[in-house]
Structures are given as structure tokens and as C-alpha cells.
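The residues making up each chain are set out below.
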Amino acid sequence: MNENCHPKYNGRLFWFATASAIVTFLLIGLGGLVTSHEAGMSVPDWPTSYGYNMFALPIQFWHGGAFFEHTHRLLASAVGFLTTILAVWLWLKDERRWLRWLGVAAFLLVVAQGILGGLRVRLRMDNLGIFHSALAQSFLVLMCAIALFTSRWWLQQTAAAAHGVARGLRSHVLFVTVLIFVQLLIGATMRHQHAGLAISDFPLAHGKIWPDTSPEAVAHYNAERTEMNGENPITGFQVVLQMVHRLGAVIILLGVAAAAPLARKRLGGADGLTKFAWAWLGLLILQVTLGAATIWYKKAADVATAHVMIGALSLVAGSLWWLAATRRTSLTEIANEGQNTVN
Amino acid sequence: MKKTILFLAAALAVSAGLQAADITGVINFKGTAPAEREIAPIKDNPDCAAMYPNGLPSTKFYVVSADGGLADVVVSLKGITGKSTGASADPVVVDQKGCLYSPQILAIQTGQKLVVKNSDTCVHNVHTKPAANPESNQVQMPGGADLTFTFDKPEPFLKFQCDVHPWMFAWVSVFDHPYFSVSDKDGKFTIKNVPAGKYTLEAVHRKLGTQTADIEVTEAGVVQNFTFAPK
């Protein structure tokens with residue numbers, strides 16, 4: 001794209017894209033509630049619901065697990081509708097070809113996501129839920145990115161006013177953001193294998209720094225598990241997976257904790273990206289606290305779902321920070337190239 | 001005369017081999033059973049909460065009688081395969097009542113019909129979560145027709161669950177022979193018509209684990225008790 005040629009800011013398009021991203025975020029929360037309540041299979045048919053047209057299911061059936069699963073389907077339909085409008089709007093009104101195709105990509109992703117959700121129900125495959133979750137997180141990042149690309153900040157920032165961000169800092173944030181995505185995949189695997197609380201204590205793990213995963217120990221953990229919410233017996237692998245999730249949380253927290261002071265050192269405390277990095281750190285501290293609370297409160301659905309939502313926001317924050325930094329840096333490079341040409 | 005004596009001896013030997021007797025026993029529980037937990041999620045569901053105006057039910061993981069008898073232990077002969085008479089056996093019935101499965105621990109043969117009823121006034125989905133058999137998930141409306149399940153492969157504690165009411169479980173052990181029983185509320189069990197011979201008898205409680213005993217079934221039958229304790 002030609003960065004010197006600014007497309008006109010379209011306030012309505014920006015706010016529509018932003019609203020679509022917010023609804024997508026809420027949809028992830030509702031999807032989190034479906035999994036937290038182990039309600040994904042409570043409506044066995046799809047695209048119908050209990051044999052009814054999805055949009056005409058009598059409200060008397062909106063109870064228990066079906067409430068979460070059915071409302072998730074309805075909100076997902078709304079997100080599909082919003083994404084379709086957004087894609088058409090971008091295609092018709094935005095001058096940037098790459099952004100028009102990004103709108104098409106969002107449309108295709110939301111269609112794929114809907115089909116994946118339906119297949120997870122029809123094929124009764126828990127592991128499809130992991131892909132459904134991963135695609136949801138990726139889709140949210142894409143929707144937030146589209147909102148950023150249509151923002152006044154993105155379109156009207158000038159090369160002269162932009163300050164570049166050192167490659168090292170950008171790479172650091174990108175690396176931590178990728179780690180967050182991997183961490184979300186691990187979390188999704190734990191949740192969709194219905195092996196919640198494979199380790200039921202924190203900060204210790206089954207009373208030890210590293211839990212015993214021998215068959216005898218796992219049999220003992222399973223005997224102690226009080227199944228109240230559709231949970232499967234756990235395996236040694238799932239115990240190890242939760243330990244990896246815990247260690248990943250420590251690494252990510254340290255990575256984000258390093259990013260904020262680094263940004264202050266390189267960009268100054270008043271820089272928007274520095275403030276954004278501090279907010280990111282705040283999110284991560286909240287996220288780690290919610291992770292611990294998920295265990296302390298025995299995987300209470302609201303706490304576990306909040307953990308999913310703040311995890312999604314942490315991924316979005318890292319992604320948008322990196323995109324904004326990359327945008328500023330590219331504008332600075334353009335300005336420098338112009339200066340060199342003049343000289 | 002000699003041929004007649006030989007024939008009678010052979011007939012006696014064969015009939016002795018075909019003698020069948022019962023295995024009986026009691027499952028005892030020693031110690032203090034872990035506390036059951038109130039099924040708290042029921043209170044969040046108006047359909048189900050209305051069925052318990054005087055307090056919520058609790059889990060039934062450890063059902064122990066006043067005399068120390070332990071219910072819901074699946075007792076079976078080990079190492080027997082391909083002897084299923086399930087196709088001609090009477091169906092086993094499990095009901096959904098009060099947003100709970102009743103009974104919660106069952107045992108059937110391969111090919112034997114398992115009929116699931118819905119006596120509740122709310123919708124349930126009957127979701128089987130097998131390890132060896134195909135999974136299924138069907139909706140059952142209030143007042144809807146009974147659902148019938150059969151399983152072709154043996155497996156222990158095949159889980160039935162309702163995802164609308166995620167505290168609802170039943171566990172069905174499937175055998176490909178008829179030599180099994182589930183201990184009753186007093187801990188008693190009977191395995192009927194077992195051919196004479198030496199066997200390994202296995203008793204499995206879903207939470208307390210597995211015990212085995214080597215037994216010999218004779219014409220007089222055999223009594224074998226087990227004692228479980230908290231882990």
C-alpha cells in the first residue's frame with residue numbers, strides 16, 4: 001500500500017468495526033460459559049435446536065446447559081451477520097485493497113468457525129472444541145485489527161509525527177504475544193478435554209512442587225475428584241499439561257513485565273505505547289490472579305470464563321501493540337527515506 | 001454290563017460338569033466414608049430446583065448401609081468372553097427422575113437393551129461417553145418416547161450424562177457374559193447359574209478401586225465377601 005496516500009477516515013465504518021469486535025469478544029465469553037458449564041452437547045442437533053429452527057426454539061427449553069449453548073448459537077449468528085456487513089462495507093467503501101481482502105478473510109473465518117462449532121456438536125468430537133477455541137481467538141484478533149486499521153489514529157497519523165519502535169522491542173512483544181496464543185491453546189486443550197482441575201491446588205500441585213504422575217498417584221487423584229460437572233477422569237498427561245500452563249504463565253508474565261519498562265526506556269513514559277504496555281501488564285497480573293482463583297474456587301464457571309476472556313484480551317493487547325508499533329516504525333522509515341532523498 | 005457302567009460314569013461326569021450354582025456375598029465397607037457433597041448446581045436450574053423444595057440431594061458415591069454394606073459395587077467373573085446372552089435377556093431400565101439418573105450404577109450384557117426413561121417434566125439429553133463403543137447424544141423431551149441403547153463391546157463404567165443438567169450421571173458396565181451383579185443397598189450380591197469351576201471374582205467400586213478373589217464354584221455354590229476401605 002502507499003502509506004503516503006491516506007484513505008479518508010470513515011467514522012461509521014470504524015465504530016461498526018469496533019462494535020463488531022466487542023460483540024465478538026462477548027461471544028468468546030459466552031463460548032467460555034458453554035465450556036465452563038460443560039454445556040456444549042446439551043443441544044445434540046445442529047443447525048436445528050431440539051428439532052426447531054434455531055431462531056424459533058421456545059423459551060421453555062432455554063434452561064440449564066441449553067441456555068448457554070443456545071444463546072451462544074444465537075450470538076454467533078449475530079457475529080456472522082455483523083461480519084458479513086463489515087466485509088461488504090469494506091469491499092465497497094475502503095480504498096485499501098489489502099483491507100478489503102482482510103474483510104473477506106474475516107467473513108470466511110466466521111463461516112468456518114460456525115461450521116466448526118456445528119461439527120463439534122454433530123461429530124461429538126471434544127478435540128474439535130480446541131480448534132474452535134483457537135479459531136475464535138484468531139478471529140477476535142482479526143476483528144480488532146480491522147477496527148484498528150479503520151481508526152482515525154491509523155489513517156491520520158503522519159510520518160513526520162511518528163516515532164519508530166526499535167526492532168528488539170517489537171520482536172520481544174511479538175514473541176510474548178505468540179506465547180500467549182500458545183498458552184491459550186494449552187488452556188483450551190485442558191478445558192475441552194473436560195479435565196478441569198487436573199491439579200486441584202495452587203501454588204503447590206497435589207501438595208508438591210512437581211506433582212507425582214505415576215499411575216498409582218493418578219488413580220488416587222481420580223478417586224478424590226468429585227464429579228459434579230461432566231468432568232472426565234484425568235491422566236498423567238493432563239496433570240503435566242496443567243504444569244506446562246502454569247510455567248507458561250510465569251514466562252509470559254515475566255515477558256510482559258519486561259516489555260513495559262523496556263518501552264519506557266526506549267520510548268519515554270509519556271508515549272502511548274508505553275502506557276499501553278503498562279495496561280497490558282495490568283491485564284496479565286489480573287489474568288494470573290484469575291488463573292489461581294479458577295483453582296481456588298474449584299473451576300467456578302464465572303471465574304473460569306473471566307480467565308478465558310482476560311486471556312483473549314491479553315492476546316488482543318499484544319497483537320494491537322505490535323501492529324501499532326509496526327505502523328509507527330514504517331511511517332518513520334518512510335519519513336527517513338524522504339529525508340535521505342531530499343538530502 | 002461293562003459298557004453300561006462306562007456310559008453311566010460318563011453321563012455323571014458330564015452332568016457334574018454342567019452343574020451350575022450361585023455366587024453370593026456381601027460387600028463391606030470399613031472405616032469412615034468420605035463426605036458426600038450437596039449437588040449445588042441444581043439450585044441454579046428452576047426446573048430441577050422445584051423438585052427439591054425441602055433441600056437439595058447429595059452425591060451418592062459411597063452408599064453404605066447401617067450394617068456397613070456397600071452398594072453399587074460391580075462384581076463379575078474375570079476372563080470370560082463371548083458368552084453373552086444379552087440378545088434374549090430382559091431389558092434393563094434406567095429412569096431420569098428429579099434431574100438424576102436412577103439407578104446410577106448398572107451392569108448389562110453386550111446386546112442387551114438398556115431403556116432410558118424420562119419421568120421428569122423437563123428436557124434431557126442422553127449423552128453416552130463410551131471408551132470402546134460408539135458415542136451417541138440424543139434429546140429426550142418431557143413425556144417423550146423411551147430411548148433404547150445396546151452396546152456391542154464390553155467396557156467398565158460407560159458414562160451416561162445429561163449436558164443440560166451437567167450433574168446427572170449414570171455408569172453402565174457392559175459384559176459379554178451374564179456372570180455379574182451389582183451390590184444392593186445392603187451390600188449383597190448374587191451371581192446366578194455359574195458353571196462349576198475355578199474363577200477369579202472381581203469387585204469394582206468406581207471410587208474405591210478393585211479387589212479380586214480366586215474362587216471355586218461347586219454344586220453347593222460359593223460365598224465370597226469383600227471389604228473396601230477409603231483410599
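Residues numbered from 1 in each chain as written. Chains lettered and ligands numbered in written order. Predicted model: local features only at pLDDT ≥ 70, side-chain atom pairs only at ≥ 80, totals over all residues. Heavy atoms only, no water.

A.B. asks: Would you mind showing me how to read empty space enclosed by the protein here?
C.D. replies: Where empty space is left in the structure can be found by rolling a water-sized probe over the atoms. Residue and element names in this part refer to chain B. A full pass over the atoms with the stated rule returns two cavities of 30 Å³ or more. For the largest cavity, the calculated volume is near 120 Å³. Taken together, 14 residues form the lining of the largest cavity, with Thr 59, Phe 61, Gln 104, Trp 167 and Phe 169 sitting closest to its centre. Those elements that provide at least two residues to the lining of the largest cavity are strand 4 (100-102) and strand 11 (168-175). At three residues, strand 11 tops the list of elements feeding residues into the lining of the largest cavity. In terms of residue class, the lining of the largest cavity is made up of nine nonpolar, three polar and two charged. (1 Å grid on protein atoms, 1.4 Å probe; cavity = no way out; pocket = protein on both sides within 12 Å on 5 of 7 lines; lining within 4 Å. Points joined across faces, edges and corners; volume = space filled by probe spheres on them. Helix = DSSP H or I, 4+ residues; strand = E, 2+ residues; numbered from the N terminus. Nonpolar A, V, L, I, M, F, W, Y, C, P; charged D, E, K, R; others polar.)

A.B. asks: Please explain the state of the cysteines as it appears in this structure.
C.D. replies: Residue and element names in this part refer to chain B. Within this structure, the stated rule accounts for one disulfide over all chains. Here Cys 48 engages in a disulfide with Cys 99; their sulfurs sit 2.0 Å apart. Around the S-S axis, the bridge from Cys 48 to Cys 99 shows a dihedral of about -75 degrees and counts as left-handed. In this pair, Cys 48 is assigned in helix 2 (residues 46-49) and Cys 99 in the loop between strand 3 (92-97) and strand 4, connecting sequence segments 51 residues apart. Owing to a relative accessible area of 0%, Cys 48 belongs among the buried residues under this scheme. (Disulfide = S-S within 2.5 Å. Buried < 20%, exposed > 50% of the residue type's maximum accessible area, 1.4 Å probe, protein only.)

A.B. asks: Looking at this model, I keep getting lost on the domain arrangement of chain A. Mind explaining?
C.D. replies: As a measure of interface size, the accessible area lost when the parts come together is often cited. Residues and elements named next belong to chain A. Segmenting chain A into domains produces domain 1 (10-156) and domain 2 (162-343). If you average the C-alpha positions of domain 1 and of domain 2, the two centres end up 23 Å apart. Contacts between the two partners involve 27 residues from domain 1, matched on the other side by 28 residues from domain 2. Carbon and sulfur atoms make up 69% of the surface buried where domain 1 meets domain 2, a total of about 2,500 Å² over both sides. Remark: the boundary between domain 1 and domain 2 carries one salt bridge. In this structure, Glu 38 and Lys 299 form a salt bridge, with 3.5 Å as the shortest nitrogen-oxygen distance. Applying the counting rule to domain 1 against domain 2 returns seven residue pairs in polar contact (both at pLDDT 80 or more). (Domains from an automatic or database assignment. Contact = heavy atoms within 4.5 Å. Buried area = accessible area lost by both parts, 1.4 Å probe. Salt bridge = Lys/Arg side-chain N within 4 Å of Asp/Glu carboxyl O. Polar contact = N/O pair within 3.5 Å; in protein donor to acceptor, adjacent residues only side chain to side chain.)

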